[in-house]
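Descriptive analysis of the structure
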Amino acid sequence: FDVYSKSVSNHSCIIVDDICDGGGTFIGLAKELKAKGAGDIYLIVSHGIFSKPLKELKPYFKKIYTTDSWRSEFGWEQVERDCTDLVEIIPFKNFI
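Overview of the structure. None of the values given here were measured: they were computed from a predicted structure.

Tallied over the entire structure, the rule returns one salt bridge. Ionic pairing is found between aspartate 85 and lysine 58, a salt bridge with its closest N-O pair at 3.6 Å. Of this pair, aspartate 85 sits in the loop between α2 (73-82) and β4 (87-90) while lysine 58 sits in the loop between β2 (41-48) and β3 (63-67), placing them 27 residues apart in sequence.

Below you can see the structure in the form of structure tokens.
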């Protein structure tokens, strides 16, 4: 992963993408941002699939914003069970 800025020291950072499936790419990028001194990191994705445990994303992101466009039982159970403080769901119909 490449962060082209020499320093993001104490700056909040936002990662924007269309899909978060397992989250590995975002964890890698968050690690690089933290290595360059980033403050809080936020993730904004259109479609939150969350096929792997959301608890793996918790150490890296202050908040994750997604829509309700994708509703897998596994992913949404996680949000409702133990990640309501991490994930904010925005109704997809608000964007149409």
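With respect to the helices, strands and loops of the structure, phenylalanine 1 is situated in the segment before β1 (13-20). The sequence separation of phenylalanine 1 and threonine 25 amounts to 24 residues, and the corresponding C-alpha distance is 8.5 Å. Setting aside residues up to four positions removed in sequence, phenylalanine 1 forms contacts with Gly24, Thr25, Gly28, Leu29 and Glu32.

On to unusual backbone geometry, then. Non-glycine residue asparagine 10 carries a positive phi angle of around 60°. With respect to the helices and strands, the residue asparagine 10 is situated in the segment before β1. Despite not being glycine, phenylalanine 50 shows a phi value in the positive range, around 55°. Turning to its location among the elements, phenylalanine 50 is positioned in the loop between β2 and β3. You can call phenylalanine 50 buried: its relative accessible area is 2%.

What follows is about the side chain of threonine 67. For threonine 67, the location among the structural elements is in strand β3. A distance of 2.4 Å separates a polar side-chain atom of threonine 67 from the backbone oxygen of serine 46. There is a polar contact of 3.1 Å between the side chain of threonine 67 and the side chain of serine 69.

Membership of the largest hydrophobic core comes to 22 residues, with the highest contact counts inside it found for Leu33, Ile41, Leu43, Phe61 and Ile64. Within the residue set of this core, elements represented by two or more residues are β1, α1 (24-35) and β2. Broken down by element, the residue count for this core peaks at four residues, all from α1. The residues contacting isoleucine 41, other than those within four sequence positions of it, are Cys13, Ile15, Ala30, Leu33, Lys34, Tyr60, Phe61, Lys62 and Lys63.

Examined bridge by bridge, β1 and β2 share seven bridges and lie parallel to one another. By the bridge assignment, isoleucine 15 is partnered in β2 with leucine 43. Once the chain exits β1 it traverses α1 before rejoining the sheet at β2, and the crossover so formed is right-handed.

Turning next to the sheet that holds β1. Hydrogen bonding along the main chain pairs the strands of a sheet, whether they run parallel or antiparallel. Taken together, four strands build an open sheet; the order of strands is β1-β2-β3-β4 and the sheet is parallel. Looking along the sheet, the strands with just one partner apiece sit at the ends: β1 and β4. Neighbour-to-neighbour, the strand axes of this sheet turn through a mean angle of 20°, independent of strand direction. On the sheet, α1 packs against β1 and β2 and is oriented at approximately 170° with respect to β1.

Calculation criteria
Residues numbered from 1 in each chain as written. Predicted model: local features only at pLDDT ≥ 70, side-chain atom pairs only at ≥ 80, totals over all residues. Heavy atoms only, no water. Salt bridge = Lys/Arg side-chain N within 4 Å of Asp/Glu carboxyl O. Helix = DSSP H or I, 4+ residues; strand = E, 2+ residues; numbered from the N terminus. Contact = heavy atoms within 4.5 Å. Buried < 20%, exposed > 50% of the residue type's maximum accessible area, 1.4 Å probe, protein only. Polar contact = N/O pair within 3.5 Å; in protein donor to acceptor, adjacent residues only side chain to side chain. Core = buried A, V, L, I, M, F, W, Y, C linked by side-chain atoms within 4.5 Å. Pairing = 2+ DSSP bridges. Right-handed = clockwise from strand over helix to strand, strands pointing away. Axes fitted to C-alpha atoms, helices over the stretch in contact; angles between N-to-C directions.

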